Structure formats: C-alpha cells, structure tokens
Amino acid sequence: MPRVKVPRKSTLIDMTAMCDVAFLLLTFFILTAKTKTEEKIPVDPPFSTAEKTVPDEDIATLVIGQGKVFYGVAGFETRKQTLIEMGTLYHINFTPAEQERFAVTNSFGVPMNQLQTYLDLDGAENVKKFPQSGIPQDSTGQSPSELYNWIHTSRVVTKNIHAKEMRVTIKGDAKEEYPTIKKVIDILQKQKVNRFSLITNIKGK
Amino acid sequence: MAELDTSSGGSKKGHKVRSKKASTRVDLTAMVDLAFLLVTFFMLTTTLSKPKAMDLIMPDKDDIKKDELPVPASRTMTILLGSGNRVEWWVGEAGKSTPTLEGFGKNEIRKSILANKEKIEAASGKDMIVIIKPSAKSVYSNMVNMLDEMNITGVERYAIVDMTADEISELKKENIYN
C-alpha cells in the first residue's frame with residue numbers, strides 16, 4: 001500500500017513586513033526620544049489641567065523635594081558662563097575641565113564650597129553617591145543666599161548670550177510643605193521675578 | 001588562482017558557465033528580534049509627553065504700597081488652605097460671616113467657588129476676587145490645586161497672600177492646622 005504522504009509545510013515565515021514595521025517604530029521612537037533626565041531626588045509633581053508646554057531654551061528649573069532645592073539651567077554655553085561668573089563672585093577658580101563637567105550637568109544641589117569637589121569626582125558611580133544637600137536658601141548676614149545668586153547670575157548670562165529673559169520654572173513635589181516653596185518664591189520675588197511656571201502632570205477636569 | 005575555480009566544473013563539456021542562483025531571501029528573524037528589542041528600549045526610556053506648566057504671576061512686592069487699591073470686602077472670597085487637604089473659606093470680612101470647612105474636589109470647593117461667583121456677579125455686576133492663603137501646614141499640591149480651580153472656574157482676579165496670626169488661630173480652632 002502506498003503510504004499517504006502529508007506534505008510538509010515550511011515553518012519559515014516571511015519576516016519582511018514585520019521587519020518593516022519594527023524599524024518604522026524604531027525610527028519613530030529614536031526621533032521622538034528625549035531621554036529621561038535623571039533626578040537626584042524623586043519628585044512627583046502635582047496634577048493640574050494646565051496645558052502649556054515648557055520651552056527647551058532660556059529656562060531654569062528649580063527642583064524642590066524633601067526640603068532641598070536643586071538648580072539647573074538649560075544650554076551648555078549658559079551653564080559654563082554662569083559657573084565662571086559664580087566663581088568670580090565667590091572667589092573660586094574653576095579649571096576648564098570643571099567647566100566642561102558643569103556644562104553637562106543637568107541639575108545639581110551642592111553648596112558653593114563643595115562644588116569643586118563635586119565637579120572633580122571621577123566616574124558616574126561616585127557622582128551618584130555624592131551626598132547633595134541642596135543649594136542653601138538662607139542668606140548669611142548681608143549677602144544674599146547662594147540660590148539667589150545662582151538665579152540672578154544665570155538670568156544675567158542668559159540675557160547677555162541670547163538677549164532674552166530667562167524663564168524660571170518650579171518643579172515641586174506634591175507632598176512638599178508650603179514653607180519650602182514659599183522660601184523659593186520669596187527668593188524669586190526679591191529679584192523681581194514675579195512670573196514663573198509651575199510644572200505639573202496633566203489630568204482631566 | 002586556478003585551484004579556487006573547482007567548485008562547479010561546468011566548463012568541462014563546453015556548457016556555458018552558469019552561476020548558481022542564490023535565493024534572495026534572507027532570514028530576517030534575528031533582525032526583527034533586534035529591532036523590537038530596540039523599540040522596547042526606546043519606548044521605556046522616552047518621556048513621550050512633555051511636562052506641562054502652569055503660569056503663576058505674583059503681585060509685585062514693592063508696588064503693593066504704591067498703588068494699593070482697596071479690595072471691596074463684599075466681592076472677596078478668602079480661602080485658607082489647612083492641613084489634611086482641607087480648606088476654610090468665607091466671603092466678605094473675616095469674622096463677620098461664618099466660615100465653611102471643605103475639601104478639594106468637584107463637589108466641594110469648586111461648587112462653592114462657582115456659587116459665590118454667580119452670587120457676587122449678580123449682586124455687584126463686577127467679578128469676584130479670590131484671596132488664597134496657604135498655611136505653613138498645607139502642601140504644595142494644595143496650592144496648585146487651588147490655582148487650578150481658579151483656571152477651571154474662570155476666576156480672573158486671584159492672589160496668593162501670606163497668612164495672618166488671626167487666621168492661623170482660626171485654622172487651629174477648626175483643627176486643620178497640625
């Protein structure tokens with residue numbers, strides 16, 4: 001008896017279409033990618049219905065959480081100039097290597113007297129481990145606080161480089177107590193920054 | 001070199017040399033694997049939605065004394081932000097009308113704001129003024145929520161003002177200052 005032969009079907013599938021789709025998605029994600037900026041402290045902004053987007057340039061962000069304030073300015077050139085100006089203000093000479101390092105630091109929370117140590121650190125692991133106590137917000141005697149000087153200096157630098165007013169945004173943790181926020185707002189108001197943005201997560205009405 | 005050309009031996013009997021047709025199909029499985037791996041990676045590391053911002057304009061501190069307009073008490077609603085996501089509000093002068101204790105949300109403070117707005121607009125023909133006073137025991141999200149309520153209810157005249165000692169004791173009495 002002749003045996004009935006079951007025709008073997010090939011298990012190979014045409015992958016071309018799948019490959020196309022995969023790469024299309026890949027291209028899309030690469031182009032829209034904006035890597036998550038690493039936060040030194042976990043901050044969960046409150047929700048609101050505001051729909052304005054935050055610009056990328058000429059902007060400074062104050063991250064507030066756990067009673068600490070972190071500060072960051074956008075733009076490499078602005079950062080570098082700000083550091084140099086702050087150096088002259090506090091009589092610290094920053095080396096070119098430190099300036100480069102500062103130019104790629106998104107946000108930091110180190111007092112002025114520790115800043116050089118922080119910028120001289122080697123390796124990402126060490127930078128992560130460095131205890132950042134936040135930028136001091138209290139003024140000592142007659143001189144204004146360090147936070148005040150940072151904001152003021154970067155405003156001047158932004159104005160000089162881009163001829164534009166720097167925008168200040170506040171990214172605060174929802175659970176942060178109001179006195180901390182108020183302190184920062186008071187520092188801003190002291191230099192007549194009466195207009196600023198609060199970063200929020202979006203929610204429905 | 002001669003010894004390399006031994007593969008097919010097609011030229012022996014005068015036939016034409018015919019190169020073997022290789023299949024144009026390539027196994028794409030590995031490539032697809034890689035592509036999806038990268039897609040997953042980028043999906044997880046990107047923040048698709050940009051953060052949204054809410055603009056806040058504070059009154060100029062120095063100008064307050066120069067051109068201070070008397071705020072008509074009849075058109076003013078004062079909202080105190082206490083602890084535990086509770087608020088206390090009253091319309092008019094402090095102590096003259098009974099304050100109301102409420103929480104945040106659609107059916108609580110928003111309803112009161114809308115009701116007061118309507119009442120004041122009908123009575124005076126002018127818009128309502130809201131004074132927000134966050135206490136030291138309130139949290140940041142309370143303030144943002146309140147500003148958000150202003151946007152939602154369409155109150156255009158509002159300000160964030162510091163709290164006075166009287167108001168703190170008022171909050172203490174209601175047990176929302178701890």
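Just so it is clear, the structure is predicted and the values come from calculations on it, not from any experiment. (Residues numbered from 1 in each chain as written. Chains lettered and ligands numbered in written order. Predicted model: local features only at pLDDT ≥ 70, side-chain atom pairs only at ≥ 80, totals over all residues.)

Draft legend 1. Helix H4 (residues 140–153) of chain B, seen in detail. All names here are of chain B. Here H4 is 14 residues long and its end C-alpha atoms lie 20 Å apart, about the 20 Å a rise of 1.5 Å per residue gives. Taken across its 14 residues, H4 has 10 buried, putting it largely inside the fold. Taken as a whole, H4 has its buried residues at Tyr140, Ser141, Asn142, Met143, Val144, Asn145, Met146, Leu147, Asp148 and Glu149. Among the residues trailing H4, Gly154 stands out with phi positive, at a value near 75°. (Helix = DSSP H or I, 4+ residues; strand = E, 2+ residues; numbered from the N terminus. Expected span 1.5 Å × (residues − 1). Buried ≥ 20, exposed ≤ 12 C-beta atoms within 10 Å, placed from the backbone.)

Draft legend 2. Summary view of the interface of chain B and chain A. Taken together, the contact pairs 39 residues of chain B with 44 residues of chain A. Those elements that place two or more of their residues in the side of chain B that touches chain A are helix H1 (29–45), strand S1 (52–57) and H4 of chain B. Its residues placed into classes, the side of chain B that touches chain A shows 23 nonpolar, 10 polar and six charged. The sheet contact formed by strand S6 (residues 195–202) of chain A and S1(B) spans six bridges and is antiparallel. Its bridge partner being in S1(B), Arg195(A) is matched across the sheet by Ile57(B). (Contact = placed C-beta atoms within 7 Å. Nonpolar A, V, L, I, M, F, W, Y, C, P; charged D, E, K, R; others polar. Pairing = 2+ DSSP bridges.)

Draft legend 3. Up close: helix H2 (residues 76–90) of chain A. Residues and elements named next belong to chain A. When the terminal C-alpha atoms of H2 are compared, their 21 Å separation across 15 residues agrees well with the 21 Å that a helix rising 1.5 Å per residue should span. Considered for burial, the residues of H2 that qualify are Thr78, Arg79, Gln81, Thr82, Leu83 and Met86. Where the residues of H2 are buried, they touch strand S4 (68–73), helix H3 (96–103) and helix H6 (146–162). Trailing H2 by a residue or two, His91 shows a phi angle of about 55°, which is positive.

Draft legend 4. Expanded view of the confidence of the model for chain B. Residues of chain B with pLDDT of at least 70 account for 83%, and the chain-wide mean is 78. Looking over chain B, one finds the lowest element-wise mean pLDDT in helix H2 (residues 63–66) of chain B, namely 55, and the highest in H1(B), namely 87. (pLDDT = per-residue confidence, 0-100.)

Draft legend 5. Structural detail: the nonpolar core. Core analysis: the biggest nonpolar cluster contains 54 residues, and Val69(A), Tyr71(A), Leu147(A), Ile79(B), Leu81(B) and Met143(B) have the highest contact counts within it. Apart from residues no more than four positions distant in its own chain, Ile79(B) is found in contact with Val87(B), Trp89(B), Val130(B), Ile131(B), Ile132(B), Lys133(B) and Met146(B). (Core = buried A, V, L, I, M, F, W, Y, C linked by C-beta atoms within 7 Å.)

Draft legend 6. Broad picture of the pairing of S4(A). Residues and elements named next belong to chain A. Taking burial as the measure, the six residues of S4 include five buried ones, the bulk of the element. The pairing of strand S3 (residues 59–65) with S4 spans six bridges and is antiparallel. Counted as the bridge partner of Ile64 is Val69 from S4.

Draft legend 7. Molecular detail of the packing of H6(A) against helix H7 (residues 178–190) of chain A. Residues and elements named next belong to chain A. Look at H6 against H7: their axes get within 10 Å of each other, and the N-to-C directions meet at 50°. For the element pair H6 / H7, the angle class is oblique. Remark: the crossing between H6 and H7 carries right-handed chirality. Across the interface between the two elements, Leu147, Tyr148 and Ile151 of H6 pack against Ile187, Leu188 and Lys190 of H7. Of the residues that constitute the contact of H6 with H7, the class distribution is five nonpolar, no polar and one charged. (Axes fitted to C-alpha atoms, helices over the stretch in contact; angles between N-to-C directions. Parallel < 35°, antiparallel > 145°, perpendicular 65-115°, else oblique. Left-handed = near helix turned anticlockwise from the far one by under 90°.)

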